[in-house]
Amino acid sequence: MFDKLFILGQYVTPQLAVSRLAGKLADNDRTPALKNRVIKWFIGRYGVNMSEAAEPNPEAYPSFNAFFTRELKPGIRPLDPDPKVLTSPVDGAISQLGQVSDDRVFQAKGQSFSLQELLGGDTERTKPFENGEFATIYLSPKDYHRIHMPVSGTLREMIHVPGKLFSVNPVTAENVPNLFARNERVVAIFDTDIGPLAMVLVGAMIVGSVETTWAGVVVPSGDGVSVSRYDHLQTPIRFEKGQEMGRFRLGSTVILVAPKGATEWKQDMIAGKTVRMGEAFGINS
């Protein structure tokens, strides 16, 4: 019954207004006493491990968002150095992973969504990923929320797709049809040694915004899908494996999509498994 009420509440809640308000409050640095109370409550409520943070003192952060996107201590997430290994881009838990089948990506029991819709609706953009491999990783509130490159690559394009802002936790994934292809998202396409790689940063309820290292906070440019191309720059935007490429200002989900045969997920990578940024996630062909 609780799950049904939780899902129903998301349909009737003004998602955008609530999420944008939460984002503004999370950026507020004018009421440090309130900020400190909220951060300490959050740490206790979700079991955040502050001993891993580069700044372990909660009161040292100027805003809640600064705390939420906190940096980790150097070396706390060792990067698998094998050039044939694709590493986890984030801390989180695997929601699902497997092969794209007839443009459908498995979401949860009884639920799937269209890969073409996920990537912004363009047929040519989707073609390289037909029958490819996908992995969906959910970041819970306690997790580290910076996003890193799983393999070295050069940025080709970024697509902002407007949409809803449903929660992306397991309960919602099991009950909201087409969830990840209907929520607002930022799609980054990289050219890598294993071929094109799509990293989809999915927005969610209470997510203040998605931020990338090359464009800052991604702000909708209008009502429709917006595309920014980077493949004709005189100086390409290049990332090495493990380098930070973005962050969630309040958490969500990352979906990786690779071409068919480009990588094979490790056998121990299964739905429900907890992963850490930098650990071996797949073996590249």
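This text goes with the structure placed above it.
Residues numbered from 1 in each chain as written. Predicted model: local features only at pLDDT ≥ 70, side-chain atom pairs only at ≥ 80, totals over all residues. Heavy atoms only, no water.

### Topic: the nonpolar core
One recurring pattern in soluble globular proteins: nonpolar side chains tend to sit buried together. Core analysis: the largest hydrophobic core is formed by 35 residues, its most contacted members being Phe190, Trp214, Met245 and Phe281. Excluding residues within four positions of it along the chain, Met245 makes contact with Ile147, His148, Met149, Ala188, Phe190, Met199, Leu201, Glu211, Thr212, Thr213, Trp214 and Phe239. Counting residues in each nonpolar core, the second largest holds 24 residues, with Val100, Ile159, Leu179 and Phe180 among its members. (Core = buried A, V, L, I, M, F, W, Y, C linked by side-chain atoms within 4.5 Å. Buried < 20%, exposed > 50% of the residue type's maximum accessible area, 1.4 Å probe, protein only. Contact = heavy atoms within 4.5 Å.)

### Side note on the pattern of salt bridges
Per the counting criterion, the structure on display carries 12 salt bridges. Lys40 is the salt-bridge partner of Glu59, the closest N and O atoms lying 2.7 Å from each other. Of this pair, Glu59 sits in the loop between helix H3 (32-46) and helix H4 (64-68) while Lys40 sits in helix H3; the two residues are 19 residues apart in sequence, bridging distant segments of the chain. Taking the relative accessible area as the measure of exposure, Lys40 reaches 44% and is therefore partly exposed. Between Asp268 and Lys266 there is a salt bridge whose closest N-O contact spans 3.9 Å. Salt bridges sharing partners connect three or more residues here, namely Glu52, Arg77 and Asp91. (Salt bridge = Lys/Arg side-chain N within 4 Å of Asp/Glu carboxyl O. Helix = DSSP H or I, 4+ residues; strand = E, 2+ residues; numbered from the N terminus.)

### Structural notes on H3
Taking 1.5 Å per residue, 15 residues should reach 21 Å; H3 reaches 21 Å between its end C-alpha atoms and fits that length. Turning to H3, its buried residues are Lys35, Asn36, Ile39, Phe42 and Ile43. When H3 is viewed along its axis, its buried side chains cluster within an angular range of 130° and face the same direction. The exposed residues of H3 that point more than 90 degrees off its buried face are Arg37, Trp41 and Gly44. Contact partners of the buried residues in H3: H4. Count one or two residues on from H3 and you reach Gly47, which has phi positive near 70°. (Expected span 1.5 Å × (residues − 1). Arc of directions from axis to C-beta.)

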